[in-house]
Amino acid sequence: MRISVIGCGYLGAVHAACMAKLGHSVVGIDVDERKIAELASAKAPFYEPGLEELLKDVQETGSLTFTTDISAAAGSNVHFICVGTPQKKGENAADLTFVDAAVQGLLPYLSSGDVVVGKSTVPVGTASRLAGVIGQSEPEAHLVWNPEFLREGHAVSDTLRPDRLVYGVSDGAEHNPCVEVLDEVYAIPLSTGTPRLVTDLPTAELVKTAANSFLATKISFINAMAELCDAAGADVTRLADAIGLDDRIGRKFLNAGIGFGGGCLPKDIRAFMARAGELGADQALTFLREVDAINMRRRSRVVELTRELCGDGLLGKRITVLGAAFKPESDDVRDSPALSIAAQLQLQGAVVTVTDPKALDNAARRFPELQYVQDVDLALEKADAVLLLTEWTEYKELDPHLLAKSVSAPRILDGRNVLDPAKWRSAGWQYRGLGRP
Ligand code: UDX
């Protein structure tokens, strides 16, 4: 099929490359010239495992091109909207400027029978509004909502082999002509048994926000348990292992630590609450306010624990923060709890050095006042305390014996509960986890 992908960020760049890999002829479109220039020369504009190899692979076949010119969408029969929906400045609601601009930009190039496919996360009701806009301009074009569930760091495999496909269509009916079109787009994953659900437009929009809210709630639940474990002298990691063995609960997303961040969960739960308020259903989601509050409390808790760990206050203390990205295998620092903690420590008088294998450039743009050192050994030299805040494998594998020789004082705060406390303590370290005795 001929496909256009509008928006080539964390979602769209991966989606465009994966659609080409699935055998389609794809044009990726974005207003950012630098991003497009990089993608056009098969360079990934951000770190995502496997993306650069995939770009090289499909560009050699000629089935993937990139441009800043939206008129290149003309001639495609399927148009994916993959632009961002960030949090509005000073408000909880989602900012739909980019989605609206993408649809407006596309209108002159739509033809009869074209299918516009929304993948961006939007407040419920957006799809039907956009369907109206499209219908006024090209009555024979259609809109489908097909939410994306990819995780950064696993984006390529999540797109090529999704765990489910959701098609929201105007009448919610299996025989809607758009279903057949999307079945052709996703023929390969469908042929291997990927479940596919056809719903109406609002249900499809809600599936995405509901899934992210559930995940955020699961993380905040275990972080609330970590607070209790701290108060009671219990171990939240063993608690999670034990409750996780109940397969109605499951062990995934029960890792207590510094909480969730990134470009999705935090802003999605806030936009969801804002939208529920507009719909007069705000009571249904008041629990998400608590989910958000528990999550934000993790950051201040780590600052307080670091102060305790350092003994006599933070002023002038050299703190090394391992990890800036919001999660490992990503260079994304949007709402990164690690970086937010680093900045709070610096504001309270500590001298903070941050290291990360991939995210330092993005981090330096976000918080230029922090010191960034790429080399882990250099970053750790003479530290008064070390904070492991993003669980990159190389940090989990650090040797406590070797490390003890280069720091000023062997104190470590394990913000992701991924280190073996006994091993670190026996190497002479003062170890603190979160919700661990
Ligand atoms: C999330 C959803 O998982 C994905 O389906 C959706 O499409 C986009 O939002 P992503 O933001 O890439 O994906 O990251 P995810 O793996 O969900 O992690 C989110 C945050 O939660 C990270 O900061 C991570 O460190 C944190 N987390 C995750 C925990 O603190 N504990 C856990 O047990 C799991």
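Residues numbered from 1 in each chain as written. Predicted model: local features only at pLDDT ≥ 70, side-chain atom pairs only at ≥ 80, totals over all residues. Heavy atoms only, no water.

K.L.:
Could you clarify how one ought to interpret the domain arrangement of the chain in this entry?
P.N.:
How big an interface is tends to be expressed through the accessible area that disappears when the partners come together. Considered domain by domain, the chain is made up of domain 1 (2–194) and domain 2 (206–437). Between the C-alpha centres of domain 1 and domain 2 the distance comes to 32 Å. Counting residues at the interface gives 22 residues for domain 1, matched by 22 residues for domain 2. Overall, the association of domain 1 and domain 2 removes approximately 1900 Å² of surface from exposure, summing both partners, and the carbon and sulfur fraction of that is 58%. If you sort the residues of domain 1 by the area they bury against domain 2, Tyr47, Val124 and Glu152 come out on top, with a joint share of 35%. Counting across the interface, domain 1 meets domain 2 through 1 salt bridge. Across the pair Arg334 and Glu152 runs a salt bridge whose closest N-O atoms are separated by 3.2 Å. The tally of links from domain 1 across to domain 2 stands at 12 residue pairs in polar contact (both at pLDDT 80 or more). The class makeup of the residues in the side of domain 1 that touches domain 2 is 12 nonpolar, 6 polar and 4 charged. (Domains from an automatic or database assignment. Contact = heavy atoms within 4.5 Å. Buried area = accessible area lost by both parts, 1.4 Å probe. Salt bridge = Lys/Arg side-chain N within 4 Å of Asp/Glu carboxyl O. Polar contact = N/O pair within 3.5 Å; in protein donor to acceptor, adjacent residues only side chain to side chain. Nonpolar A, V, L, I, M, F, W, Y, C, P; charged D, E, K, R; others polar.)

K.L.:
I tried to follow helix 4 (residues 97–106) on my own but got confused; where do I start?
P.N.:
Side chains three or four residues apart in an α-helix point the same way, a direct result of the helix having 3.6 residues per turn. Among all positions of helix 4, only Val99, Ala102, Val103 and Leu106 are buried. Within helix 4, the buried residues cover an arc of 95° as seen down the axis, which keeps them to one side. Where the residues of helix 4 are buried, they touch strand 1 (2–6), strand 4 (78–81), strand 5 (115–118) and helix 5 (126–137). (Buried < 20%, exposed > 50% of the residue type's maximum accessible area, 1.4 Å probe, protein only. Helix = DSSP H or I, 4+ residues; strand = E, 2+ residues; numbered from the N terminus. Arc of directions from axis to C-beta.)

K.L.:
Can you help me understand the packing of helix 11 (residues 265–278) against helix 12 (residues 286–310) in this one?
P.N.:
How two helices pack is summed up by the angle between their axes together with the distance between the axes. Contact geometry of helix 11 with helix 12 gives a least axis separation of 10 Å together with a crossing angle of 150°. In terms of their interaxial angle, helix 11 and helix 12 are classed as roughly antiparallel. For the pair helix 11 and helix 12, the crossing hand works out as left-handed. Across the interface between the two elements, Ile269, Arg270, Phe272 and Met273 of helix 11 pack against Leu288, Arg289, Val291, Asp292 and Met296 of helix 12. Tallied by class, the residues present in the contact of helix 11 with helix 12 amount to 6 nonpolar, no polar and 3 charged. (Axes fitted to C-alpha atoms, helices over the stretch in contact; angles between N-to-C directions. Parallel < 35°, antiparallel > 145°, perpendicular 65-115°, else oblique. Left-handed = near helix turned anticlockwise from the far one by under 90°.)

K.L.:
When you look at the sheet that holds strand 12 (residues 385–388) in this model, what are you seeing that I'm missing?
P.N.:
Within a sheet, adjacent strands bond to each other through the backbone by hydrogen bonds, running parallel or antiparallel. Taking strand neighbours across the sheet as the criterion, the 6 strands line up as 11-10-9-12-13-14 in an open arrangement whose pairing is parallel. Two strands close off the open sheet at either side, each with one partner strand: strand 11 (371–372) and strand 14 (430–432). Bridging between strand 10 (residues 351–355) and strand 11 involves 2 bridges; their strand directions are parallel. The partner of Thr353 across the bridge, within strand 11, is Gln371. Against the sheet, helix 12 contacts strand 9 (318–322), strand 12, strand 13 (411–414) and strand 14, and its axis sits at roughly 165° relative to strand 13. (Pairing = 2+ DSSP bridges.)

K.L.:
Before we go on, may I ask you to explain the site of the ligand in this structure?
P.N.:
Phe149, Leu150, Glu152, Asn255 and Lys327 are the nearest of the 20 residues found near the ligand. Taking Gly261, its main chain carries an N or O atom lying 3.1 Å from an oxygen atom of the ligand. Within the backbone of Phe326, a nitrogen or oxygen atom sits 2.9 Å from an oxygen atom of the ligand. Within the complex, the protein chains bury 92% of what would otherwise be the 660 Å² of accessible surface of the ligand. (Near = heavy atom within 4 Å. Areas by Shrake-Rupley, 256 points an atom, 1.4 Å probe, with all protein chains shown as cover.)

K.L.:
Would you take a moment to explain the pairing of strand 10 for this structure?
P.N.:
A regular strand carries its side chains on alternate faces of the sheet. Extensive coverage of strand 10 is indicated by the burial of 4 of its 5 residues. Pairing analysis gives 5 bridges linking strand 9 to strand 10, with the strands arranged parallel. Within the sheet, the bridge partner assigned to Leu322 lies in strand 10 and is Thr355. A crossover connection joins strand 9 to the parallel strand 10 through helix 13 (residues 337–347); in handedness this β-α-β unit is right-handed. Remark: the strand 10/helix 14 (residues 360–366)/strand 11 crossover connection has right-handed handedness. (Right-handed = clockwise from strand over helix to strand, strands pointing away.)

K.L.:
I'm lost on helix 3 (residues 51–60) in this one. Help?
P.N.:
Inspection of helix 3 places Leu51, Leu54, Leu55, Val58 and Gln59 among the buried residues, and these make up the whole buried set. When helix 3 is viewed along its axis, its buried side chains cluster within an angular range of 120° and face the same direction. Away from its buried face, by an angle of more than 90 degrees, helix 3 presents the exposed residues Glu53 and Glu60. Following helix 3 by one or two positions, Gly62 has its phi on the positive side, about 80°.

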